[in-house]
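Chain residues, written in single-letter form:
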Amino acid sequence: MDNRTYRENFIRNNFQAETDDYVLISNFFKRVTAYEKQYGKTLEEGYTKDEYLQLINSLGTVALSTFRNTKVRLRKYVEQLNNDEIISSEAVSALEEISYDMIEFGTAFSNRFFKDFGDLQWELEMVLRAADKIDDRVFYSAFSAIYLAWCGLTSQETLNLKREDIGINYINVGNRTIIPNATIMAYLNEYKNATVYYVQTRSEIAFWYKESPWLMRTYKSERVSRNSLTTMISNLSTYNEVETRKFNEDTQEYETEVVRRNRGFTYDKVYWSGVFYRAYVYEGQNGKISAADKETLATLFPQSRGRKAADSFKLYQEYKKYFYPERSKQ
């Protein structure tokens, strides 16, 4: 029985088909399999502690909650392999020895987060350069959502915003008011008042926004849906490629190579980057945040998608250690 059959049986016996959990575990093992092909050894051959650690690092594990989920999924599977006498109990124990503080974040942090607003803005400018559109306003909806995520609005709050909620230098979000930077406010006001943008095909075509009270709108819809929001942001990653010139030693000539930079966009990625950067600024103004200060933690690290403030604070420490090593030593 090959490893694919073992995994298919494991998934089929433990998860109900076509459920969210089934999809999640299937996608998880696809990523594990991709790593194994590159590494040249499978879980069914028995991993050591270092090999498990290498695998977990390769999966881009950053958040504590993600680490826990990853370890639980691996544990269930390797325990099953041990019960079936495919691997030894030592291979199961090796996984148990791994803790969150052993994870080497490395480039995972640069791919998972933006250091600051300048870093985010540079990435958006790269999208504009790569896309080379006749009218940059084609990105109004997607870029506005990115900016709102940076400001700390949840995706639902962004979808609920009305055009009248956008002031000259502020945003009204429910019962609170947010004061973003001037770049963001100028862009949101342009989008708020926009009526049309142009796309060049064989000829120049005008796309008129639907008349709508909602800020997040397109030429197709008066109000952007959650699925559409996710799609328009992820589509920005299609422009996440750059051309590089490499010298070929054999031909003694320079060759052009297209490289994917792996710094794509998701709403959560931008949202948490903004949260962590604001926490960094807060510490610069008010001193180091204490893990015992529950009120400040709750304010700076809002609970989202099951992630508790304390877990977010731990992840923030790693973010700070990676992007601002001198501050983290203080």
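As the structure is a prediction and not an experimental result, all values here were calculated from the model. (Residues numbered from 1 in each chain as written. Predicted model: local features only at pLDDT ≥ 70, side-chain atom pairs only at ≥ 80, totals over all residues. Heavy atoms only, no water.)

### Here we look at the overall build of the chain
Link 1 in the chain: Tallying secondary structure elements over the chain gives 15 helices and six strands in all.
Link 2 in the chain: The buried share of the chain, reckoned over its 330 residues, is 44%.
Link 3 in the chain: Carbon and sulfur atoms provide 46% of the accessible area of the chain, an area that totals close to 18,400 Å². (Helix = DSSP H or I, 4+ residues; strand = E, 2+ residues; numbered from the N terminus. Buried < 20%, exposed > 50% of the residue type's maximum accessible area, 1.4 Å probe, protein only. Areas by Shrake-Rupley, 256 points an atom, 1.4 Å probe, with all protein chains shown as cover.)

### As for unusual backbone geometry
Link 1 in the chain: The backbone of Glu85 sits at a positive phi, close to 60 degrees, despite the residue not being glycine.
Link 2 in the chain: Positionally, Glu85 belongs in the loop between helix 4 (64-83) and helix 5 (89-96).
Link 3 in the chain: Taking the relative accessible area as the measure of exposure, Glu85 reaches 70% and is therefore exposed.

### So, the pairing of strand 3 (residues 196-200)
Link 1 in the chain: Here strand 3 runs beside strand 4 (residues 204-208); their pairing, made up of five bridges, is antiparallel. Note that in strand 4 the partner of Tyr197 across the bridge is Phe207.
Link 2 in the chain: The hairpin turn running from strand 3 into strand 4, its antiparallel successor, is three residues long. (Pairing = 2+ DSSP bridges.)

### Re helix 3 (residues 49-58)
Each α-helix turn comprises 3.6 residues. Residues three or four places apart therefore point the same way.
Link 1 in the chain: Of all the positions in helix 3, only Glu51, Tyr52, Leu53, Leu55, Ile56 and Asn57 are classed as buried.
Link 2 in the chain: Taken together, the buried residues of helix 3 touch helix 2 (20-39), helix 4 and helix 5.
Link 3 in the chain: Just beyond helix 3, the residue with positive phi is Gly60, at close to 70 degrees. (Contact = heavy atoms within 4.5 Å.)

### Some words on the packing of helix 8 (residues 140-150) against helix 11 (residues 226-234)
To describe two helices that pack against each other, one gives the angle between their axes and the distance between the axes.
Link 1 in the chain: Between helix 8 and helix 11, the least distance of the axes is 9 Å, while the angle of their chain directions is 95 degrees. If you check the angle between helix 8 and helix 11, you find them roughly perpendicular. In contact with Ser141, Ala142, Ala145 and Ile146 of helix 8, helix 11 contributes Leu229, Met232 and Ile233.
Link 2 in the chain: Considering only residue class, the contact of helix 8 with helix 11 consists of six nonpolar, one polar and no charged. (Axes fitted to C-alpha atoms, helices over the stretch in contact; angles between N-to-C directions. Parallel < 35°, antiparallel > 145°, perpendicular 65-115°, else oblique. Nonpolar A, V, L, I, M, F, W, Y, C, P; charged D, E, K, R; others polar.)

### Side note on the packing of aromatic side chains
Link 1 in the chain: What the rule picks out here adds up to 39 aromatic pairs.
Link 2 in the chain: A centroid spacing of 5.1 Å and a plane angle of 65 degrees characterise the contact between Phe29 and Tyr77, whose relative ring orientation is edge-to-face. With Phe29 in helix 2 and Tyr77 in helix 4, this pair connects stretches of sequence that are 48 residues apart.
Link 3 in the chain: On the basis of relative accessibility, which here comes to 4%, the residue Phe29 falls in the buried class.
Link 4 in the chain: We classify Tyr77 as buried; its relative accessible area is 1%.
Link 5 in the chain: Positioned over the ring face of Phe28 is Arg73, at 5.4 Å from the centre of the ring. (Phe/Tyr/Trp six-rings, centres within 6.5 Å; stacked < 30°, edge-to-face > 60°. Lys NZ or Arg CZ within 6 Å of the ring centre and 35° of its normal.)

### With respect to the confidence of the model for the chain
Link 1 in the chain: With 88% of its residues at a pLDDT of 70 or more, the chain shows a mean pLDDT of 86.
Link 2 in the chain: Mean pLDDT values for the elements of the chain range from 52 in strand 5 (residues 241-248) up to 97 in strand 1 (residues 171-173). (pLDDT = per-residue confidence, 0-100.)

### So, the nonpolar core
Link 1 in the chain: With 93 residues, the main nonpolar core has Phe265 and Phe301 as its most contacted residues.
Link 2 in the chain: Tallying contributions element by element places helix 8 first for this core, with nine residues.
Link 3 in the chain: Not counting chain neighbours up to four residues away, the residues in contact with Phe301 comprise Val275, Phe276, Ala279, Ala309, Ser312, Phe313 and Tyr316. (Core = buried A, V, L, I, M, F, W, Y, C linked by side-chain atoms within 4.5 Å.)

### Some thoughts on the side chain of Thr42
Link 1 in the chain: When you line up the elements, Thr42 lands in the loop between helix 2 and helix 3.
Link 2 in the chain: Reaching out from Thr42, the side chain makes a polar contact with the side chain of Glu44 at a distance of 3.2 Å. (Polar contact = N/O pair within 3.5 Å; in protein donor to acceptor, adjacent residues only side chain to side chain.)

### Some details on the environment of Trp150
Link 1 in the chain: One can find Trp150 in helix 8.
Link 2 in the chain: Along the backbone, Trp150 and Val275 are 125 residues apart, and their C-alpha atoms lie at a distance of 7.5 Å.
Link 3 in the chain: Ignoring anything within four residues of it in the chain, the contact list for Trp150 reads Phe114, Asp116, Phe117, Leu120, Ile184, Val270, Ser273, Gly274, Tyr277 and Arg278.

### What about helix 4?
Link 1 in the chain: Relative to the 28 Å expected for 20 residues at 1.5 Å per residue, helix 4 spans 28 Å between its end C-alpha atoms, a close match to the ideal helical length.
Link 2 in the chain: Those residues of helix 4 that sit buried are Leu64, Phe67, Thr70, Lys71, Leu74, Tyr77, Val78 and Leu81. The buried residues of helix 4 occupy an angular sector of 160 degrees when the element is viewed end-on, so they sit on one face.
Link 3 in the chain: Downstream of helix 4 by a residue or two, Glu85 has a phi angle that is positive, lying close to 60 degrees. (Expected span 1.5 Å × (residues − 1). Arc of directions from axis to C-beta.)

### Looking at the environment of Leu297
Link 1 in the chain: Checked against the element boundaries, Leu297 lands in helix 13 (residues 294-300).
Link 2 in the chain: Here Leu297 falls in the buried class, since its relative accessible area comes to 3%.
Link 3 in the chain: Considered as a pair, Leu297 and Ala279 are 18 residues apart in the sequence and their alpha carbons are 9.3 Å apart.
Link 4 in the chain: Every residue in contact with Leu297, bar those within four places of it in the chain, is listed here: Ile289, Ser290, Ala291, Ala309 and Phe313.

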